[in-house]
Structures are given as structure tokens and as C-alpha cells.
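One-letter residues, chain by chain:
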Amino acid sequence: QVQLVESGGGLVQPGGSLRLSCAASGRTFSTYTMGWFRQAPGKEREVVATISWTGRSTYYADSVKGRFTISRDNAKNTLYLQMDSLKPEDTAVYYCAASSPYTFSVRPRDFSSWGQGTQVTVSS
């Protein structure tokens, strides 16, 4: 399994931006599909965006399309989520996760390694 540590969360006003990072341990980061998920209080964990091991394929939830951008740097073992035009409904704990090697998925159950999460709060 790969160890994951998120950073970059915080409090931001509506319309603002944040950039989340996820640092991964191990030498096999470049073989994993990576994803960002979020969970708001009282709600189920949901997919935000996923990216294939090469970075050539991406998926975005409808709620974030056009506002969020997922990217990765395999040389630095790091996953990113650029979040622009943030809305109060984006408030949640954000998690990064890794799937099995060479397997593209958007379902939380297909991701076996998870970070501890970082809180994002969008409020005026």
C-alpha cells in the first residue's frame, strides 16, 4: 500500500481558491490511479475527481466541472487539486486515495489507500 498525506485545506470565502496537495510514499506512485473524494457532515463520501496513472485520463463530478482541476507530478510523487470559484456547498473533509495499480476507477470502493483528510471550509 501507499502512504498518503494531504495538505492545503483551510477557510476561504465564496469565490475564492485553494490548492490541495497529496504527498505519496513509495516508488510505485506512477502506477496508481489517484483520486480526490470529499465527505460533508451527515453525507456519504463522494468522488470529486480522479486521474489515471499517466495523467492522460481524468474524471470530474458534475458539481465541480469547470471549477476544479486534478493533476499529478509522478516525479514528485504528488497529487494536486486546484479548486477555484469555491462555493459553500464545497465545504467538506477532502481525502486523496490510491486505487490498485493500472486500474482506472471513480468508485470509492475501488480505492484501497486513503489519506487522513484535510478540512475545506467555504464561508463568508
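These numbers come from a predicted model, not from an experiment. (Residues numbered from 1 in each chain as written. Predicted model: local features only at pLDDT ≥ 70, side-chain atom pairs only at ≥ 80, totals over all residues. Heavy atoms only, no water.)

**Student:** I'd love a proper account of the overall build of the chain, names of residues and values included.
**Tutor:** Regarding its fold elements, the chain presents zero helices and eleven strands. When the elements of the chain are put in sequence order from the N terminus, they spell out β-β-β-β-β-β-β-β-β-β-β. Taking 14 Å as the expected radius of gyration for a compact globule of 124 residues, we find that the chain reaches 13 Å, a close match to that expectation. Dimensions of the chain along its principal axes, counting C-alpha atoms only, are 40 × 25 × 25 Å. Split into buried and exposed, the 124 residues of the chain put 45% on the buried side. In the chain, the share of contacts with a sequence separation of at least 24, taken over all contacts with a separation of at least 6, comes to 59%. For the chain, the computed accessible surface area is about 6300 Å², with 47% contributed by carbon and sulfur atoms. Computed over 13 positive and 9 negative side-chain charges, the inter-centroid distance for the chain is 6 Å. (Helix = DSSP H or I, 4+ residues; strand = E, 2+ residues; numbered from the N terminus. Rg over C-alpha atoms; globule rule 2.2 N^0.38 Å. Buried < 20%, exposed > 50% of the residue type's maximum accessible area, 1.4 Å probe, protein only. Contact = heavy atoms within 4.5 Å. Areas by Shrake-Rupley, 256 points an atom, 1.4 Å probe, with all protein chains shown as cover. Lys, Arg positive; Asp, Glu negative; His and termini not counted. Charge placed at Lys NZ, Arg CZ, Asp CG, Glu CD.)

**Student:** An account of the side chain of S99 is needed here, citing residue identities and associated values.
**Tutor:** Considering the arrangement of structural elements, one finds S99 in strand 9 (residues 92-101). Residue S99 is classed as buried on the basis of its relative accessible area of 1%. In this structure the side chain of S99 is engaged in a polar contact, spanning 3.0 Å, whose partner is the backbone oxygen of T103. Leaving out residues up to four positions away in the same chain, S99 has contacts with Y32, T33, D110, F111 and S112. (Polar contact = N/O pair within 3.5 Å; in protein donor to acceptor, adjacent residues only side chain to side chain.)

**Student:** Which residues make up the sheet that holds strand 7 (residues 68-73), and what values go with them?
**Tutor:** One open sheet accounts for four strands, arranged 1-3-8-7; its pairing is antiparallel. Edge positions in the open sheet fall to strand 1 (4-7) and strand 7, since each of these has one partner strand only. Pairs of neighbouring strands in the sheet enclose a mean axial angle of 15°, with direction left out of account. As judged from the six bridges shared by strand 3 (residues 18-24) and strand 8 (residues 78-83), these two strands associate in the antiparallel manner. Residue pairing for strand 8: L18 is matched across the bridge by M83. (Pairing = 2+ DSSP bridges. Axes fitted to C-alpha atoms, helices over the stretch in contact; angles between N-to-C directions.)

**Student:** Explain unusual backbone geometry to me, and be specific about the residues and the numbers.
**Tutor:** Phi is positive for N77, close to 55°, though the residue is something other than glycine. With respect to the helices and strands, N77 occurs in the loop between strand 7 and strand 8. At S85, a position not held by glycine, the phi torsion is positive, near 50°. By secondary structure assignment, the location of S85 is in the loop between strand 8 and strand 9.

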